[in-house]
Amino acid sequence: MQQIIDDLNWRYATKKFDPVKKLSEQQMETLKESIRLSASSYGLQAYKVLIITDPEIREALMEASHGQRPVVDASHLFVFCAYTKVSEADVAKYIQLISLTRGTDPNSLIGFHNGIVNSIKNKSTEDIVAWTSKQTYIALGQLMHTCASLRVDALPMEGFVPSAYNEILGLDELNLTATLACPVGFRHEADEAQFRKKVRKSNEDLFEIR
Ligand SMILES: Cc1cc2nc3c(=O)[nH]c(=O)nc-3n(C[C@H](O)[C@H](O)[C@H](O)COP(=O)(O)O)c2cc1C
């Protein structure tokens, strides 16, 4: 149990990455798998995660991120994108995946299918985006914890202009919108932020037993 707390104390929002140090393919596979295994509402995974390695695209994204250098210096850049539309066809595809994966009779999933469709059919685009965006934060949390376990550094980021990201990455036509970015890599030895004490509320302020 102490290991979990050690991992979480080790991690910090990395402000300066060592541009020379790169993640191994194996580390990347583990990070991707941790995102893939993330929990999501109904299990729909109504998001896509882009992994940006192209230096020119990352330069453009840095400009759309108030000049935050981790976007270009880190080994890899994850961009979490939420779907702006979830259609009945998307739900049907998901139901088919459950049926194939578990060998379940599709007829037994009709109630589940209809329940999801009923819950989304009257939602405005704004409500859909609010809902799908929340799911990306869960995946980000899981990515960050996995990074810490692997002793890989990360910076969770919402400090960017989503419309600029959407344009640079051509997301509008894919019915996606950028919600979060997360550069991952290895801390620079000169990153002052790694030496700062964690600032957190006390248990008394944060928790209440009722
Ligand atoms: C959703 C989210 C968005 C954040 N966006 C940024 C960001 O754009 N730039 C940045 O430098 N830090 C960003 N942070 C980092 C927080 O400032 C940092 O996590 C917080 O101060 C706690 O410090 P620690 O993570 O080092 O423990 C973000 C954190 C979260 C969870």
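These lines cover the structure that appears in this document, whether it is placed above or below. (Residues numbered from 1 in each chain as written. Predicted model: local features only at pLDDT ≥ 70, side-chain atom pairs only at ≥ 80, totals over all residues. Heavy atoms only, no water.)

1. Overview of the layout of surface pockets
(1) Moving on: The calculated volume of the largest pocket comes to roughly 740 Å³.
(2) Moving on: Those elements giving two or more residues to the lining of the largest pocket turn out to be helix H2 (25–36), strand S1 (47–52), strand S2 (76–83) and helix H5 (88–102).
(3) Moving on: Tallied by class, the residues present in the lining of the largest pocket amount to eleven nonpolar, three polar and seven charged.
(4) Moving on: Taken as a whole, the second largest pocket spans an internal volume of roughly 240 Å³.
(5) Moving on: Looking at the second largest pocket, it is lined by 13 residues, and the ones nearest its centre are Tyr12, Ala193, Arg196, Lys197 and Lys198.
(6) Moving on: For the lining of the second largest pocket, the residue count by class is five nonpolar, two polar and six charged. (1 Å grid on protein atoms, 1.4 Å probe; cavity = no way out; pocket = protein on both sides within 12 Å on 5 of 7 lines; lining within 4 Å. Points joined across faces, edges and corners; volume = space filled by probe spheres on them. Helix = DSSP H or I, 4+ residues; strand = E, 2+ residues; numbered from the N terminus. Nonpolar A, V, L, I, M, F, W, Y, C, P; charged D, E, K, R; others polar.)

2. Examining a nonpolar patch on the surface
(1) Moving on: Residues Ile4, Ile5 and Leu8 make up a contiguous nonpolar surface patch of roughly 240 Å² in combined accessible area.
(2) Moving on: Tracing the backbone shows Leu8 in helix H1 (residues 2–10). (Patch = residues over 30% accessible without salt bridge, like charges linked within 9 Å, V, L, I, M, F, W, Y side chains within 5 Å. Areas by Shrake-Rupley, 256 points an atom, 1.4 Å probe, with all protein chains shown as cover. Salt bridge = Lys/Arg side-chain N within 4 Å of Asp/Glu carboxyl O.)

3. What about helix H6 (residues 110–121)?
(1) Moving on: Along its twelve residues, H6 runs 16 Å from first to last C-alpha, staying within 8% of the 16 Å computed at 1.5 Å per residue.
(2) Moving on: The set of residues buried in H6 consists of His113, Ile116, Val117 and Ile120. Seen end-on, H6 carries its buried residues on one side only, within an arc spanning 95°.
(3) Moving on: Summarising the contacts, the buried residues of H6 are in contact with H5 and helix H7 (125–150). (Expected span 1.5 Å × (residues − 1). Buried < 20%, exposed > 50% of the residue type's maximum accessible area, 1.4 Å probe, protein only. Arc of directions from axis to C-beta. Contact = heavy atoms within 4.5 Å.)

4. A short note on the packing of H5 against H6
(1) Moving on: Two numbers describe how H5 lies on H6: the axes approach to 10 Å, and their chain directions differ by 155°. Comparing the axis directions of H5 and H6 gives the class roughly antiparallel. Regarding H5 and H6, the two cross each other, and that crossing is right-handed. Across from Glu88, Val91, Ala92, Tyr94, Ile95 and Ile98 in H5, the residues of H6 making contact are Phe112, His113, Ile116, Val117 and Ile120. (Axes fitted to C-alpha atoms, helices over the stretch in contact; angles between N-to-C directions. Parallel < 35°, antiparallel > 145°, perpendicular 65-115°, else oblique. Left-handed = near helix turned anticlockwise from the far one by under 90°.)

5. What about the sheet that holds S2?
(1) Moving on: Pairing is antiparallel across the open sheet formed by four strands, whose spatial order is S1-S2-S4-S3. At either margin of the open sheet sits one strand with a lone partner, and together these are S1 and strand S3 (153–154).
(2) Moving on: Where S2 lies against strand S4 (residues 176–185), eight bridges are found, and the strand directions are antiparallel. Looking across to S4, one finds that Tyr83 is bridged to Leu176.
(3) Moving on: Where H2 meets the sheet, it contacts S1, S2 and S4, and its direction lies at approximately 20° from that of S2.
(4) Moving on: The strands touched by H7 within the sheet are S1, S2, S3 and S4, with S2 carrying the most contacts at an inclination of about 155°. (Pairing = 2+ DSSP bridges.)

6. Details of the site of the ligand
(1) Moving on: Taken together, 14 residues form the shell around the ligand, and within it Arg11, Lys15, Gln68, Lys198 and Arg200 come nearest.
(2) Moving on: Residue Lys15 places a side-chain N or O atom 2.7 Å away from an oxygen atom belonging to the ligand.
(3) Moving on: Interatomic distance of 2.6 Å between a side-chain N/O atom of Lys198 and an oxygen atom of the ligand.
(4) Moving on: Contact with the protein chains covers 64% of the free accessible surface of the ligand, which is 620 Å².
(5) Moving on: Broken down by class, the residue content of the shell around the ligand amounts to seven nonpolar, two polar and five charged. (Near = heavy atom within 4 Å. Polar contact = N/O pair within 3.5 Å; in protein donor to acceptor, adjacent residues only side chain to side chain.)

7. Structural notes on the packing of helix H3 (residues 55–63) against helix H8 (residues 162–169)
(1) Moving on: Between H3 and H8, the least distance of the axes is 9 Å, while the angle of their chain directions is 160°. If you check the angle between H3 and H8, you find them roughly antiparallel. Here the hand of the crossing between H3 and H8 comes out right-handed. When H3 is examined against H8, the residues Ile57, Ala60 and Leu61 are found in contact with a partner set consisting of Tyr165, Ile168 and Leu169.
(2) Moving on: When grouped by side-chain class, the residues that make up the contact of H3 with H8 number six nonpolar, no polar and no charged.

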